[in-house]
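Chain by chain, the residues run as shown.
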Amino acid sequence: MNQQYEDIYGNVFRIDRELSSGGQGIVYKTKEPDILLKIEWDPKTKRINVNTGDNDKFDEIRLLPVPPNVNITLPQSILKDCAGYSMKMLDHMISFEEAFRYGDENYRNAWLDESEASHPEFVKGFGNYISTGGKRRRIAAFLYVAGILSVIHTRGLVYCDLSDKNMYLSDSKDTNVVWMIDADNINYITVTSKRDGIYSPGYAAPEVLKGKGNTFYSDIFSFAVALFWNLTGRHPFVGPQLEEKLGEEDFLTVSEETFACGSDVAWIRDEKEDDNFSDTPIPYELIVGGKLHNCFQKTFGSTGRHKRQKRPTMIEWAEALAYEMDHSVKCKKCEMEYDPFHSDICPWCDEKNKYIQLTCRNQELEDDEDTRSYVHEMYGSINVPVRLVKGLGISELEECIFSITSVRGNAVIENLNCRYLYERNQDGFYQKIFGKCELGDKAVMKVTDQFTGEEYVVNYELKG
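Source: prediction; values computed, not measured.

Broken down by element type, the chain carries 15 helices and 24 strands. Its C-alpha radius of gyration of 24 Å places the chain within 12% of the 23 Å reference for a compact globule of 464 residues. Principal-axis analysis of the C-alpha atoms gives the chain an extent of 75 × 55 × 40 Å. Sequence-distant contacts, at least 24 apart, represent 58% of the contacts inside the chain between residues at least 6 apart. Carbon together with sulfur atoms contributes 46% to the accessible area of the chain, which is approximately 21,800 Å² in total. For the chain, the distance from the average position of its 54 positive side-chain charges to the average position of its 75 negative side-chain charges is 2 Å.

Moving on, we come to the pattern of salt bridges. Scanning all chains against the criterion turns up 24 salt bridges. The closest approach of N and O atoms between aspartate 449 and arginine 419, which form a salt bridge, is 2.9 Å. Pair noted here: aspartate 449 is in strand E23 (residues 442-449) and arginine 419 is in the loop between strand E19 (410-414) and strand E20 (420-426), with a separation of 30 residues, a long-range link. Look at arginine 419 and you get partly exposed, because its relative accessible area is 23%.

Moving on, we come to the nonpolar core. Generally speaking, nonpolar side chains in soluble globular proteins are found buried as a group. Ranked by internal contacts, the top residues of the largest apolar core, which has 96 residues, are Ile186, Phe223, Leu292, Phe296, Trp317, Met336 and Trp348. Take this core: its biggest share by element is twelve residues, from helix H5 (residues 134-154). Dropping the residues within four chain positions of it, isoleucine 186 is found in contact with Ile61, Leu64, Val66, Ile72, Leu74, Ile152, Leu157, Val158 and Tyr159. In terms of nonpolar packing, the next biggest core, distinct from the first, is built from 26 residues, Leu358, Cys360, Ile404 and Cys437 among them.

Remark on secondary structure: sheet strands pair via backbone hydrogen bonds, oriented parallel or antiparallel. A sheet is described by the order of its strands in space; here four strands give the open sequence E17-E18-E19-E22, paired in antiparallel fashion. Pairing within the sheet leaves two strands with one partner each, and these edge strands are strand E17 (381-385) and strand E22 (437-438).

What follows deals with the packing of H5 against helix H14 (residues 314-326). Packed helices, taken two at a time, are described by the angle their axes make and the gap between the axes. Running from N to C, H5 and H14 point in directions that differ by 155°, and their axes come no closer than 9 Å. With respect to H14, the axis of H5 lies roughly antiparallel. The way H5 lies across H14 gives a crossing that is left-handed. Where H5 approaches H14, its residues Lys135, Arg136, Ile139, Ala140, Phe142, Leu143, Ala146, Leu149, Ser150 and His153 are matched on the opposing element by Met314, Ile315, Ala318, Leu321, Ala322, Glu324 and Met325.

Among the residues of helix H9 (residues 240-247), Gln241, Leu242 and Leu246 are the ones counted as buried. Axial view of H9: buried residues confined to an arc of 140°, hence all on one face. Facing away from the buried side of H9, by more than 90 degrees, are the exposed residues Glu244 and Gly247. Those residues of H9 that are buried lie in contact with helix H10 (256-262).

Rules used throughout
- Residues numbered from 1 in each chain as written.
- Predicted model: local features only at pLDDT ≥ 70, side-chain atom pairs only at ≥ 80, totals over all residues.
- Heavy atoms only, no water.
- Helix = DSSP H or I, 4+ residues; strand = E, 2+ residues; numbered from the N terminus.
- Rg over C-alpha atoms; globule rule 2.2 N^0.38 Å.
- Contact = heavy atoms within 4.5 Å.
- Areas by Shrake-Rupley, 256 points an atom, 1.4 Å probe, with all protein chains shown as cover.
- Lys, Arg positive; Asp, Glu negative; His and termini not counted.
- Charge placed at Lys NZ, Arg CZ, Asp CG, Glu CD.
- Salt bridge = Lys/Arg side-chain N within 4 Å of Asp/Glu carboxyl O.
- Buried < 20%, exposed > 50% of the residue type's maximum accessible area, 1.4 Å probe, protein only.
- Core = buried A, V, L, I, M, F, W, Y, C linked by side-chain atoms within 4.5 Å.
- Pairing = 2+ DSSP bridges.
- Axes fitted to C-alpha atoms, helices over the stretch in contact; angles between N-to-C directions.
- Parallel < 35°, antiparallel > 145°, perpendicular 65-115°, else oblique.
- Left-handed = near helix turned anticlockwise from the far one by under 90°.
- Arc of directions from axis to C-beta.

This is the structure we're talking about:
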């Protein structure tokens with residue numbers, strides 16, 4: 001392996017370490033801040049592709065209509081003596097594969113300590129799940145990926161080669177910055193649907209394995225596989241029915257997971273067929289809510305596998321993931337998350353937790369279906385997403401409507417979004433809120449959008 005590579009502008013990049021490798025190339029981190037290299041190779045011989053004529057496609061990718069505020073690492077400069085390019089990405093990022101790796105750590109808390117003597121393997125698995133961010137960090141990461149994919153899909157672009165090796169997350173658990181790397185296959189659907197299908201082992205849509213090209217729908221299938229696998233700890237098609245199929249095969253030319261994606265086995269939580277039913281390492285019903293399960297069923301069920309247009313769009317996935325995020329409370333004892341609308345106490349350890357509950361509806365609408373809600377455990381500072389009042393906006397995933405902070409046991413609203421005017425109901429009269437305001441155990445607020453004039457009623461309550 002060369003220790004440095006030069007681009008066509010004379011910039012020299014020194015190799016630091018390998019980040020990932022696949023069938024088309026290898027990605028290196030360089031010693032230069034925020035710079036990665038993608039270099040094409042032959043995966044069998046490990047020889048670098050020195051045909052620089054293959055670099056023309058990278059120049060074309062740079063001209064695609066990917067908005068500059070979308071976190072995809074497009075080619076930045078072309079390498080001089082081999083097929084490859086440099087790309088920009090923030091430092092201190094790790095792949096989803098590394099961030100959510102299952103079964104490697106030895107984490108403990110009070111709940112796990114109580115369970116260790118009788119269930120040591122249980123403790124190991126759950127300890128790792130919690131220490132790598134639990135359900136909420138996984139949901140948050142994939143929500144941002146759903147946002148990225150929905151933006152490029154609306155511009156007619158297909159990502160193509162999606163897996164947890166090319167989705168990256170900030171290594172600090174206090175932040176959820178997400179980037180997608182290795183985008184040298186991205187192109188218009190009119191191009192990707194007519195060329196040979198591209199996929200990572202275990203993530204292939206059935207139609208791609210049958211020789212068809214990549215589309216929005218194959219992106220969606222690969223996204224769903226990655227989400228299910230990282231959320232539950234199991235591939236969606238690896239179950240007892242697959243084991244029977246594998247027993248009938250003399251040998252496989254692809255991975256078991258890839259074979260499973262292209263076979264006719266049911267997915268492991270299929271509502272209509274249970275021949276391939278399998279439990280997941282993290283109990284499925286307590287991790288996956290109804291809206292998210294429906295998306296999995298529509299993607300992995302017989303209809304979604306064979307009629308790709310029936311799969312949920314990335315906007316539908318984003319809505320289901322945002323709902324999961326907004327209905328999740330982390331237990332103070334076991335540190336697992338749960339939906340308090342389904343259980344008053346933590347279903348994992350029976351602990352009762354204090355949490356805030358916010359509901360919001362448009363002042364002019366009376367339909368309860370238009371009421372949005374948000375819950376969060378009551379400690380520290382809570383950034384309430386602006387979607388509580390406006391609904392889901394892909395460009396506003398990080399925007400907050402206000403913060404709620406616990407100060408000496410009292411809930412205080414602060415960091416008000418300047419787009420809105422805020423009033424609190426005091427004995428039937430609304431008084432304007434400026435800066436900070438204590439909420440007590442219950443409060444009713446009116447939030448007015450200064451640009452549209454729309455008014456929303458927000459009910460706050462401390463529960464538990």
